[in-house]
Every structure is written in C-alpha cells, then in structure tokens.
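Working through the structure, step by step
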Amino acid sequence: NDARLMQQLLQVDLMVGLALAVHVGSFLVPVDSDEFERTRWSSGFTEKIAYSMGGVYFCCTLLWVTVTVCIKVPLYIIRLRAMGRSERRKSWFVSVGESVLSICRDTFFMWRLALLCFCGVALFQRHFWIFSFLLLDFFCQNSLLATVLLAIKAPFGSLLMTFLGAALVTNVYAAIGFHWFREEFGQYCEPNIVTCTQNILYQGTRNGIIG
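In what follows, the accompanying structure is described.

1. A few points about the packing of aromatic side chains
Here the structure, examined in full by the defined rule, presents 8 aromatic pairs. A centroid spacing of 5.3 Å and a plane angle of 90 degrees characterise the contact between F58 and F124, whose relative ring orientation is edge-to-face. Of this pair, F58 sits in helix 2 (residues 44-82) while F124 sits in helix 4 (residues 107-124), placing them 66 residues apart in sequence. Ring centres of F118 and F133 lie 5.3 Å apart, and the angle between their planes is 85 degrees; on these two criteria the pair is classed as edge-to-face. Here F118, found in helix 4, pairs with F133, found in the loop between helix 4 and helix 5 (137-141); they are 15 residues apart in sequence, far enough to count as distant. According to the relative accessible area criterion, F118 is partly exposed, its value standing at 26%. Put simply, the rings of W41, Y51, F128 and F131 pair up and form one aromatic cluster.

2. Here we look at helix 4
The terminal C-alpha atoms of helix 4, which comprises 18 residues, lie 25 Å apart, in line with the 26 Å expected from a rise of 1.5 Å per residue. For helix 4, every residue scored as buried is listed here: F109, R112, L115, L116, C119, G120, A122 and L123. Each buried residue of helix 4 sits inside an arc of 170 degrees when the element is viewed along its axis, so together they form one side. Where helix 4 ends, the next residue or the one after it, R126, has phi of about 65 degrees, a positive value.

3. A short note on the pattern of salt bridges
Within the structure shown, the criterion is met by 4 salt bridges. A salt bridge links R126 to E47, with the shortest nitrogen-to-oxygen separation between them at 3.2 Å. A residue pair is termed long-range when its members are at least 10 positions apart, and R126 in the loop between helix 4 and helix 5 and E47 in helix 2 qualify at 79 residues. Judged by its relative accessible area of 24%, E47 falls in the partly exposed class. Across the pair K72 and D106 runs a salt bridge whose closest N-O atoms are separated by 3.1 Å. Placement of K72 in helix 2 and of D106 in the loop between helix 3 (92-104) and helix 4 is noted, with a sequence separation of 34 residues between them. With relative accessibility at 26%, the residue D106 sits in the partly exposed group. A single network of salt bridges, built from pairs that share partners, joins D13, R112 and D137.

Parameters at a glance
- Residues numbered from 1 in each chain as written.
- Predicted model: local features only at pLDDT ≥ 70, side-chain atom pairs only at ≥ 80, totals over all residues.
- Heavy atoms only, no water.
- Phe/Tyr/Trp six-rings, centres within 6.5 Å; stacked < 30°, edge-to-face > 60°.
- Helix = DSSP H or I, 4+ residues; strand = E, 2+ residues; numbered from the N terminus.
- Buried < 20%, exposed > 50% of the residue type's maximum accessible area, 1.4 Å probe, protein only.
- Expected span 1.5 Å × (residues − 1).
- Arc of directions from axis to C-beta.
- Salt bridge = Lys/Arg side-chain N within 4 Å of Asp/Glu carboxyl O.

Written as structure tokens, this is what we have:
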C-alpha cells in the first residue's frame, strides 16, 4: 500500500507539473519596462492559480522526498548492522550521514530533489518560467520516453565527437575566410577568427547548412 501511495504521489506530481507548464506557457507574458522582472502574469487570477498549483507540486514532492528518506535511512542502518559493518563506537550521526549519502547515489531520488529545487526557485524567487522544467519529469516516469533518452545517451560520445569535428573544420574555414574573403563575409568576420567561427556555426545551423 505504501508503494502504491508513493506511486500515486508521483503521478499527481506529473499531472500538476504538466498543468503548471501549460499555464506558464499560456499566461506568462513579457515585461519590457521593469528591469528586475522580465515576465508577469496576464492577470491576478492566473497568478493565484500558478501559486496554488506550484504550492501543491512543492508540497507533494517534498512529502515524497521526506518519506523516502525516512524509510530508506533506517533500512540502510539496519542492513549495515546485519552485515556486521557498524561499530559500537560509530556515532548515530555518522551512520545517518552514510545512509543519506547512499540515498544520494540513487539517480531517481536526486532527480526528484532537483525538481523540488526547480519548483522552489520558481515559487519563492518568482522565476515562474522555471516551471517549464517540470515537463522533463515525463522522461523519468514514462518508460517510452526514457527509452528515447537512453537511445540519445548511448551514442552521445559519437555525437559529441561529430560536433567537435564540425567545429574544427569550421574554424579552419573561418581562418581562410577571415584572411582571404573578409569583405565577402561582411560583419560576421570582422573582429577575429573566433567570432567568425561562431557566426558561421550559428548561421549555418540556423539555415540548415551544417548537419
């Protein structure tokens, strides 16, 4: 029953996070006159809804993290004692610290903690655009999207080397253009070769030349 309730809590988080992201995308508008706040809500009512859903998400995530710690810390200490690894001289605080560190090695737990931090910053620091990050939880809770993420992660080294190779070739191309064809390149290659490389990468990727 406890596992089922924890899973239901995760599903509530997922749905509230989706609703928050949609709400932010629909009702958060830019502000040009204020130097401190670049965005604002379209009305006071939409701001109250955002605070309400953000509070629900923060409380649910905080509850999940707290319950997980309260369950796993004693279990870890009991397991250590059963394995004979705990010494009598070892203080209770040291045992708790070791158990907390073991929990921090859990990727799923750390992801929930990161989501809690995202929501806290958005809610208490009024950076409401960060609520959009909560959509990334779908990659963690949906097995199909997790498979897609793993498919990207597997060839990540090859993709990184491909980008590095493209950057190196572009830098050589920019050096040639900077020296011989600076007038044809115009303002994109006036300052130096590094700026020229950056502009070629940006414009080439934007216009579909690189890829």
